[in-house]
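# Geometric and topological summary
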Amino acid sequence: MTLGPRPLHPDTKDWKRRVTANNGWASGHELACVDQLIRGIHNNGLRSKMLSVIPLVAGSIVAATTPIFKDYGSDPWNAVNFVQADLSINGLVGDGSTKYLNTGLVPSTAFASDNDGGITLYNTLADNAATADAVVSEGGGLIMGLLVSYDPGDAYWDCYDGSGGGRITASNASWTGYLSGNRVSATDTKLYRANSTTAHAQLATGASNAGARPGDNVFVFCQNTLGWPVAHCVRRFSFVAFHKGLTSAESALFYQVIQSYRQKLGGGWV
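Residues numbered from 1 in each chain as written. Predicted model: local features only at pLDDT ≥ 70, side-chain atom pairs only at ≥ 80, totals over all residues. Heavy atoms only, no water.

## Observations regarding the overall build of the protein chain
Spelled out, the test is: Only DSSP runs of H or I with at least four residues qualify as helices, and only runs of E with at least two residues qualify as strands; both kinds are numbered from the N terminus onward. With the radius of gyration taken over C-alpha atoms, the globule rule is written as 2.2 Å times the number of residues to the power 0.38. A simple rule labels every residue: compare its accessible area, found with a 1.4 Å probe on the protein chains alone, to the largest value its type can have, and call it buried under 20%, exposed over 50%, or partly exposed in between. Contact criterion: two residues are considered in contact whenever any of their non-hydrogen atoms come within 4.5 Å of each other. The convention is simple: Lys and Arg are positive, Asp and Glu are negative, and His and the chain ends are not counted. By convention, the charge on Lys lies at NZ, on Arg at CZ, on Asp at CG and on Glu at CD.
Each helix and strand in the protein chain was counted, giving five helices and 18 strands. Over its C-alpha trace the protein chain gives a radius of gyration of 17 Å, about what one expects of a compact globule, namely 18 Å for 270 residues. Taking all 270 residues of the protein chain together, the buried fraction comes to 54%. In the protein chain, 65% of the contacts between residues at least 6 apart in sequence involve partners at least 24 apart. Here the protein chain contributes 20 positively and 20 negatively charged side chains, and the mean placements of these two sets differ by 9 Å.

## Overview of the nonpolar core
For the record, the criterion: Throughout this description, the term nonpolar core refers to a set of buried Ala, Val, Leu, Ile, Met, Phe, Trp, Tyr and Cys residues connected via side-chain atoms within 4.5 Å.
In this structure, Val 220, Phe 221, Phe 237 and Val 240 are the most contacted members of the largest nonpolar core, which totals 41 residues. Tallying contributions element by element places strand β10 (residues 154-160) first for this core, with four residues. Those residues in contact with Val 240 that lie beyond four places of it in its chain are Ser 52, Val 53, Ile 54, Leu 56, Trp 77, Thr 120, Leu 121 and Val 220. Core analysis: the next-biggest nonpolar cluster, separate from the first, contains 27 residues, Ile 38, Ala 194, Phe 254 and Ile 258 among them.

## Quick look at the environment of Ile 38
Within the element layout of this structure, Ile 38 appears in helix α2 (residues 28-43). Looking at Ile 38, the relative accessible area reads 0%, which means it is buried. Considering only alpha carbons, one finds Ile 38 and Asn 23, 15 residues apart in sequence, at a separation of 22 Å. Residues in contact with Ile 38, not counting those within four places in the same chain, are His 9, Asp 11, Thr 12, Ile 68 and Phe 69.

## Focus on the side chain of Asp 158
As for its placement among the helices and strands, Asp 158 is situated in strand β10. Assessed through its relative accessible area of 5%, Asp 158 is described here as buried. Asp 158 has contacts with Ile 143, Met 144, Gly 145, Gly 166 and Arg 167, leaving out every residue within four places of it along the chain.

## Observations concerning helix α1 (residues 10-21)
Here is the rule: Given a helix with a known number of residues, its expected span is that number minus one, times 1.5 Å. Think of it as the arc spanned by the lines of direction from the helix axis to the C-beta atoms.
The first and last C-alpha atoms of α1 sit 16 Å apart over twelve residues, in line with the 16 Å expected at 1.5 Å per residue. Listing the buried residues of α1 in full gives Thr 12, Trp 15, Arg 18 and Val 19. One side of α1 carries all its buried residues, which in axial view fall inside an arc of 125°. Among the exposed residues of α1, those pointing more than 90 degrees away from its buried face are Pro 10, Arg 17, Thr 20 and Ala 21. Those residues of α1 that are buried lie in contact with α2, α3 (61-65) and β2 (69-70). In the stretch just after α1, Asn 23 is the one whose phi turns positive, near 70°.

## A short note on the packing of aromatic side chains
The test is simple: Here the aromatic set is Phe, Tyr and Trp, taking the six-membered ring for Trp, and pairing holds for ring centres within 6.5 Å; pairs whose planes are under 30 degrees apart are stacked, those over 60 apart are edge-to-face, and all others are tilted.
Tallied over the full model, the rule gives nine aromatic pairs. An angle of 35° between the planes, with centres 4.7 Å apart, marks the rings of Tyr 100 and Phe 219 as tilted. Of this pair, Tyr 100 sits in strand β6 (residues 100-102) while Phe 219 sits in strand β15 (residues 219-220); the two residues are 119 residues apart in sequence, bridging distant segments of the chain. Across this residue pair, the class does not change: Tyr 100 and Phe 219 are buried. Among the aromatic residues, ring-to-ring pairing joins Phe 82, Phe 221 and Phe 237 into one connected group.

## What to know about the state of the cysteines
Cut-off, in case you're wondering: Note on terminology: disulfide denotes any pair of cysteine sulfur atoms within 2.5 Å.
Inspection of every chain in the model, using the stated rule, returns zero disulfides. Free of any disulfide, Cys 159 has its nearest neighbouring cysteine sulfur in Cys 222, separated by 19 Å. Considering cysteine sulfurs only, Cys 233 is the nearest to Cys 222, which forms no disulfide, with 8.0 Å between them.

Following this line, the structure appears as structure tokens:
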């Protein structure tokens, strides 16, 4: 007996419905890949950690920026100044001057406490520059941000204190691949990275957190400083997620799910 295609997961059906409602579209192949992604997140016990996750499929900017999970933030994210030519099978690329994503996600409401937070980026374009990747800042003690390879090539994770023990950093020059910043307690914040040639591992660790969650939207491809987009980057991201803090084991599972998704999609992985 020949079985028919597997029914779409309810969350996939919901994403498809919202893409259409947002005046976007996704191909059948992209829908199947997003279904695999959603099932992978559920099957690995990660759904309860996800807050806003965009799939960055290549079919349309609307589909690319419509969250597969939208517990917090905009639907879709506001793609400021992006055009279809900025989107490819390898992800969405910035221009270093005017283009950014306004997520609508506010850390002070999305995260339950100042001792929990997480951002994951998958970057496919190496660049060591003094630019921002996913940041909101209202001052040194009110900041949340993840930088992949800030000039001269260091990763930064601020959650939520950029002037004290809440900031961790490590050498990460010209990095392409998965990078995830996570805070799971007042005394535990970590950076993890991985790609096809680098096994998932901790990149940096920190402890104390004297800061507090910012009360403004996080921007991607630049920094939101008191409502103003600054320090735009030229990276190409193929995956962006905001989530509760992940443990090392959870981050490793998340990476595997994302890597498998991008490989099935046909690009946006290294």
